[in-house]
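This is what each chain is made of:
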Amino acid sequence: MITFVKYFFLFLLLVLLQIFVFDNISQLIIIRPIIFFFIVMILPKMPTVSYMLLAFIIGLSYDFFSGNQTPGVHAAGCVLLAYMRERLLIFFAGEEEAENYSIHINSLGFRKFFFVVVINAFFFHLVTGFLEVFSFKDVLDTAMRISAGTVVSVALIYLFDILLFYRKAALQ
């Protein structure tokens, strides 16, 4: 029960930061940092179907509260991340150790965590970027937005993981 409450408040924090801070930044410049999908990455282990359903609800709730013109786009990105999660953990941590790992710096280490976050952020931005534009007309512009958004999102997610989770484990 405590774990659910912790993740729920973390979800609220990330969505509120996304809507009120990072979405306003993206209106000023080409870079669009997205951090709310970090909650999809760090959820505890559960069956894949349940995980994908919860990711869909998380993405759809962001789509609903942010007032996007394209509802369901972020839900699709979150579902893709949920689908890829276990496979990424097996690839980076090994099949035996993937059961005990979570996607944090504490469990994966800095380098593995970096690659997992880069892959997740890139695919999330790729899916949402092309679904929002829904055209291959301006591929270079979309690719620049995807690249810039991925770089900034990775930096912010790294920062959030260090601030929220890394210090706690280092002190124990």
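It should be noted that the structure appears before, not after, this text.
Basis of the calculations
- Positions within a chain are numbered from 1, following the residues in the order the chain's sequence is written.
- This being a predicted model, a pLDDT of at least 70 is required before a residue's local features are given, and a value of 80 or more before pairs of side-chain atoms are given or counted; all residues contribute to the totals for chains, interfaces and linings.
- Calculated side-chain values reflect all of the structure's heavy atoms, with hydrogen atoms and water omitted.
- By definition, any uninterrupted DSSP run of H or I lasting at least four residues is a helix, any uninterrupted run of E lasting at least two residues is a strand, and each is numbered from the N terminus.
- The quantity called the radius of gyration is restricted to C-alpha atoms. Its globule counterpart is 2.2 Å times the number of residues to the power 0.38.
- Each residue is placed in one exposure class: buried if its accessible area under a 1.4 Å probe, protein chains only, is under 20% of its type's maximum, exposed if it is over 50%, and partly exposed if it falls in between.
- Accessibility throughout is a Shrake-Rupley quantity obtained with a 1.4 Å probe, and a residue counts as covered only by protein chains that appear here.
- To qualify as a nonpolar core, a set must consist of buried Ala, Val, Leu, Ile, Met, Phe, Trp, Tyr and Cys residues joined through side-chain atoms within 4.5 Å.
- The criterion used for residue contact is that any of the two residues' heavy atoms lie within 4.5 Å.
- To pair, rings of Phe, Tyr and Trp, with the six-membered ring standing in for Trp, must have centres within 6.5 Å; the planes then decide the type, stacked if under 30 degrees apart, edge-to-face if over 60, and tilted in the middle.
- Whether a charge sits over a ring depends on NZ of Lys or CZ of Arg being within 6 Å of the ring centre and within 35 degrees of the ring normal.

**Q** Even after reading the chapter, I still don't get the overall build of the protein chain, so can you show me in this structure?
**A** The secondary structure content of the protein chain amounts to seven helices and zero strands. When the helices and strands of the protein chain are listed from N to C terminus, the series reads α-α-α-α-α-α-α. In terms of C-alpha radius of gyration, the protein chain reaches 16 Å, essentially the compact-globule figure of 16 Å for 172 residues. The principal-axis extents of the C-alpha atoms in the protein chain amount to approximately 50 × 30 × 30 Å. Every one of the 172 residues in the protein chain was classed for burial, and the buried ones make up 41%. Surface accessibility of the protein chain: about 9,700 Å² in total, with carbon and sulfur atoms responsible for 71%.

**Q** Please explain the nonpolar core as it appears in this structure.
**A** A general feature of soluble globular proteins is that nonpolar side chains tend to end up buried together. Counting residues in each nonpolar core, the largest one holds 44 residues, and the members touching the most others are Phe36, Phe37, Phe38, Ile39, Val40, Ile42 and Phe113. Among the elements of the structure, helix H1 (2-28), helix H2 (38-42), helix H3 (48-66), helix H4 (73-93), helix H5 (105-108), helix H6 (110-133) and helix H7 (139-171) are those that each provide at least two residues to this core. Residues within four places of valine 40 in sequence aside, it is in contact with Tyr51, Ala55, Ile58, Cys78, Leu81, Ala82 and Arg85.

**Q** Explain the packing of aromatic side chains here, please?
**A** Geometry of an aromatic ring pair is reported as the spacing of the ring centres plus the angle between the planes. Per the counting criterion, the structure on display carries 13 aromatic pairs. Seen from their ring centres, phenylalanine 36 and tyrosine 62 are 4.3 Å apart, and the 20° between their planes marks the pair as stacked. Taken together, the residues span a long stretch of sequence, with phenylalanine 36 in the loop between H1 and H2 and tyrosine 62 in helix H3 at a distance of 26 residues. Residue tyrosine 62 is classed as buried on the basis of its relative accessible area of 0%. Ring centres of phenylalanine 114 and tyrosine 158 lie 6.3 Å apart, and the angle between their planes is 65°; on these two criteria the pair is classed as edge-to-face. Of this pair, phenylalanine 114 sits in helix H6 while tyrosine 158 sits in helix H7, and the two are 44 residues apart along the sequence. On the basis of relative accessibility, which here comes to 37%, the residue phenylalanine 114 falls in the partly exposed class. Ring-pair connections join several aromatic residues into one group, and the members of that group are Phe91, Phe92, Phe110, Phe113, Phe114, Phe115 and Tyr158. Taking NZ or CZ as reference, lysine 6 lies 5.1 Å from the ring centre of tyrosine 7, over its face.

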